[in-house]
Each structure stands twice: as structure tokens, then as C-alpha cells.
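Below, each chain spelled out in residue letters.
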Amino acid sequence: MIDRAGLAAFLRRRREALQPEDVGVPRGARRRTSGLRREEVAALCHMSTDYYSRLERERGPQPSEQMIASIAQGLHLSLEERDHLFRLAGHHPPVRGAASEHISPGLLRILDRLADTPAEIVTELGETLRQSPLGVALVGDATAYTGPARSRGYRWFTDTASRALYAPGEHAFLSRMYASGLRGLVTLRGPASRAAYLAALLLGESEEFRTLWEAHEIGLRPHDVKRFVHPEVGELELNCQTLLDPEQSHLLFVYTAVPGSASYEKLQLLSVLGPQSVTPGQLQPEES
């Protein structure tokens, strides 16, 4: 059963404990409270202010698991806090580990401070969970996909448009890398895993993937320099730094250019053009 009083109190405490700087929200000159406003939390959780406010006032219907997951992410809860929130709402907590999509507060805090840098948080299967604004400007909204297409490796073999971000000379290596990476995950996670499910789908849908799968390559690593081809600013050579959350198997990719280089200047231009410079889903980055 839902614990309305406990849920409301927990939400209020967590909201009041968060500072605007913790979640990438401007503080503003006229702020009177030390924590976040309800409307700010509602925006972070992708819900209406009225709905969120009713939860803090012990009103409204029982929130769904999907809604609680969104609140937990918006409030930057730890795994322990997330599980507590689910129980207060009358639900069993989701699984932890590689199958979880709950991003750790630490990764979120880092991403929130990278507004002027292309960055993204992805699962081990290459499913983009969150992007920085410049990350969206570079590759489009990679969070909009559903089903198997959420995996960039799956898209690589089933949607030729997903390859447009790379020079043709890169394609052969990237195909081998995706097949190699998925084979390693199938071995690591087992035959009942999501990795195995994706591999089975690709074996039935892509002749190229079947050929590469039969080669049994393993351990291919991405190149240090990524060569993106943007429809408006052209080719960019970007270095990719990776930060791993070992508990959730999430990866934070941060793309940077050498200061003073042509790619650096193009990133500055992209920051002005903004996310509208790429149609959502039009172009996607490779998995690092």
C-alpha cells in the first residue's frame, strides 16, 4: 500500500535539500528558498506542477512505477533512495545493475555541468539515457527511440541512415566493433540477457551482422579520435573521454576538440546553432 504521508514528507525533504546548482538550474536573483521550487522539480521529472504538488500534499491517485522512476531520476536520488521511494509509493523497487536505467547522482551532476560540451550517458548496450544540449546539437536526440532501436548497435545494422554521421571509410571498422562488443556482452550476461535478445534479432535481420558474428572477433576498442560528419558544420575530429559507473554499467562520454583547431571552432558554432541544427534521430554517435 502507498504510504502517502511518508511519500509526501520524503519528496519535500529531498526537494528542499537540492540546490539549483545541483541539477543545472539557474538560481536567479529573486530566489527566497534554499532548495528547489515545486515547478522546477516537476520540470526535471517531466510532469505537471499540479501533479507533483498533489503528491507532496498527500493527494491524487497512486503514482505508477514509471512516474516514480521519473521522480527518482529528477530528484537525483541514489539507488537506496530510489528503492525507498518505490516502497513508499507501494511498488517493488526495480532491478539494479546493468539492466537498470537509473542514472547515479554523481554522473548526473557531472553531465549537468557540461552544458557547453557534447556529452551523453549510455548503457552498456549503447542506449542513450541523457544528453547535454550540445550533445543533442551534435547528433540529434538519441533518447527518443523505443524498443530495440534504442541500442545504437542495433540501429547501425538495421537503419542505414544512422551511419550518415561517419565517413564511409569508418563504417567497416565500426561494424566490426559493434559485433565484437555485443558478442562480449552476450558471453558476460548470458543467454537470457537483453544482449542475447538483440543478437538474436540482428542475426535474423542483418546479413552483414551474421557475417561478422561468425568471425567471433572479440575485444575491439573504439578509436581515440571520433570523426563526426555534421550536416551543417561538416567534419569534426573529437576526442572521447569515458567515465564508468561500475555499479550500473553506465558510461558517460564526453567529446572534446583540441583548442584552436578547426573542430574546436565548429563546436563553438554548434553551441550557437543549438539542437535544432539536427533533426531528432537524424544522426547518432558511435558507441565509445
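For the structure given in this document, a descriptive report is provided here. It should be emphasised that the depicted structure is a prediction, and the values quoted were computed from it without experimental measurement.

**Brief notes about the overall build of the protein**
Here is step 1 of the chain: Summing up its helical and strand segments, the protein has twelve helices and five strands in all.
Here is step 2 of the chain: Taking 288 residues into account, the globule formula puts the C-alpha radius of gyration at 19 Å, and the protein, at 21 Å, falls close to it.
Here is step 3 of the chain: Principal axes of the C-alpha set define a box for the protein whose edges measure 60 × 50 × 30 Å.
Here is step 4 of the chain: Considering the protein as a whole, with its 288 residues, one finds that 49% of them fall into the buried category.
Here is step 5 of the chain: At a minimum sequence separation of 6, the contacts of the protein that also span at least 24 residues come to 61%.
Here is step 6 of the chain: Surface accessibility of the protein: about 13,800 Å² in total, with carbon and sulfur atoms responsible for 54%.
Here is step 7 of the chain: Here the protein contributes 33 positively and 36 negatively charged side chains, and the mean placements of these two sets differ by 7 Å.

**Some points on the side chain of His250**
Here is step 1 of the chain: Within the fold, His250 resides in strand β5 (residues 250–256).
Here is step 2 of the chain: A polar contact of 2.8 Å, which involves the side chain of His250, links it to the backbone oxygen of Ser100.

**Remarks on helix α1 (residues 4–17)**
Here is step 1 of the chain: Along its 14 residues, α1 runs 20 Å from first to last C-alpha, staying within 8% of the 20 Å computed at 1.5 Å per residue.
Here is step 2 of the chain: Listing the buried residues of α1 in full gives Leu7, Ala8, Phe10, Leu11, Arg14 and Arg15. Looking straight down α1, one finds its buried side chains confined to an arc of 165°; they lie on one side.
Here is step 3 of the chain: Structurally, α1 contributes buried residues whose contacts are with α2 (38–44), α3 (49–56), α4 (65–74) and α5 (79–88).

**Section: the side chain of Arg14**
Here is step 1 of the chain: Mapped onto the secondary structure, Arg14 falls in helix α1.
Here is step 2 of the chain: On the accessibility criterion, Arg14 (19% relative accessible area) is buried.
Here is step 3 of the chain: The residues touching Arg14, leaving out its near neighbours within four places in the chain, are Leu75, Leu77 and Glu81.

**Topic: the layout of surface pockets**
Here is step 1 of the chain: Considered as a void within the structure, the largest pocket measures approximately 770 Å³ in volume.
Here is step 2 of the chain: Forming the walls of the largest pocket are 24 residues, and the residues nearest its centre are Gln66, Ala69, Ser70, Gln73 and Glu101.
Here is step 3 of the chain: Looking at the lining of the largest pocket, the elements that each hand over two or more residues are α4, α5 and β2 (128–131).
Here is step 4 of the chain: Counted by class, the lining of the largest pocket contains ten nonpolar, nine polar and five charged residues.

**A closer look at the pairing of strand β1 (residues 119–122)**
Here is step 1 of the chain: Burial along β1 is two-sided: Ala119 and Ile121 and Glu120 and Val122, pointing in opposite directions, are all buried.
Here is step 2 of the chain: For β1 and β5, the ladder comprises four bridges, and the chain directions are antiparallel. What sits directly across from Ile121, in β5, is Leu252.
Here is step 3 of the chain: Sheet topology note: the β1/β2 ladder contains three bridges and is antiparallel. Bridge pairing links Ile121 to Arg130 in β2.
Here is step 4 of the chain: The antiparallel pairing of β1 with β2 creates a hairpin that spans five residues between the two strands, and Gly126 there sits at a positive phi of about 80°.

**Thoughts on the pairing of strand β4 (residues 234–245)**
Here is step 1 of the chain: With six bridges joining them, strand β3 (residues 225–230) and β4 adopt antiparallel strand pairing. Bridged to Arg227 within β4 is Glu237.
Here is step 2 of the chain: Pairing between β4 and β5: seven bridges, direction antiparallel. Note that in β5 the partner of Leu243 across the bridge is Leu252.
Here is step 3 of the chain: A loop of four residues connects β4 with β5, the two strands running antiparallel in sequence, and Ser249 in this loop sits at a positive phi of about 60°.

**As for unusual backbone geometry**
Here is step 1 of the chain: In this model, His216 sits at a positive phi of 55°, which is unusual for a non-glycine residue.
Here is step 2 of the chain: By secondary structure assignment, the location of His216 is in the loop between α11 (207–214) and β3.
Here is step 3 of the chain: In this structure, Ser249 is a non-glycine residue whose phi angle is positive, near 60°.
Here is step 4 of the chain: The topology assignment puts Ser249 in the loop between β4 and β5.

**Some thoughts on the nonpolar core**
Here is step 1 of the chain: In this structure, Leu182, Phe228, Leu236 and Leu238 are the most contacted members of the largest nonpolar core, which totals 37 residues.
Here is step 2 of the chain: Going through the elements one at a time, α7 (133–139), α8 (152–158), α9 (168–189), α10 (194–205), α11, β4, β5 and α12 (262–273) are the ones with two or more residues in this core.
Here is step 3 of the chain: The biggest single contributor to this core is α9, with seven residues.
Here is step 4 of the chain: Counting residues in hydrophobic clusters, the runner-up holds 23 residues, among them Val41, Ile68, Leu75 and Leu77.

**Some points on the sheet that holds β3**
Here is step 1 of the chain: Reading across the sheet, the five strands line up as β2-β1-β5-β4-β3 and stay open at both edges, with antiparallel pairing between neighbours. Each end of this open sheet is capped by a strand with a single partner; those strands are β2 and β3. Mean inter-strand twist for the sheet, computed between neighbouring axes without regard to direction, equals 30°.

What counts and what doesn't
Residues numbered from 1 in each chain as written. Predicted model: local features only at pLDDT ≥ 70, side-chain atom pairs only at ≥ 80, totals over all residues. Heavy atoms only, no water. Helix = DSSP H or I, 4+ residues; strand = E, 2+ residues; numbered from the N terminus. Rg over C-alpha atoms; globule rule 2.2 N^0.38 Å. Buried < 20%, exposed > 50% of the residue type's maximum accessible area, 1.4 Å probe, protein only. Contact = heavy atoms within 4.5 Å. Areas by Shrake-Rupley, 256 points an atom, 1.4 Å probe, with all protein chains shown as cover. Lys, Arg positive; Asp, Glu negative; His and termini not counted. Charge placed at Lys NZ, Arg CZ, Asp CG, Glu CD. Polar contact = N/O pair within 3.5 Å; in protein donor to acceptor, adjacent residues only side chain to side chain. Expected span 1.5 Å × (residues − 1). Arc of directions from axis to C-beta. 1 Å grid on protein atoms, 1.4 Å probe; cavity = no way out; pocket = protein on both sides within 12 Å on 5 of 7 lines; lining within 4 Å. Points joined across faces, edges and corners; volume = space filled by probe spheres on them. Nonpolar A, V, L, I, M, F, W, Y, C, P; charged D, E, K, R; others polar. Pairing = 2+ DSSP bridges. Core = buried A, V, L, I, M, F, W, Y, C linked by side-chain atoms within 4.5 Å. Axes fitted to C-alpha atoms, helices over the stretch in contact; angles between N-to-C directions.

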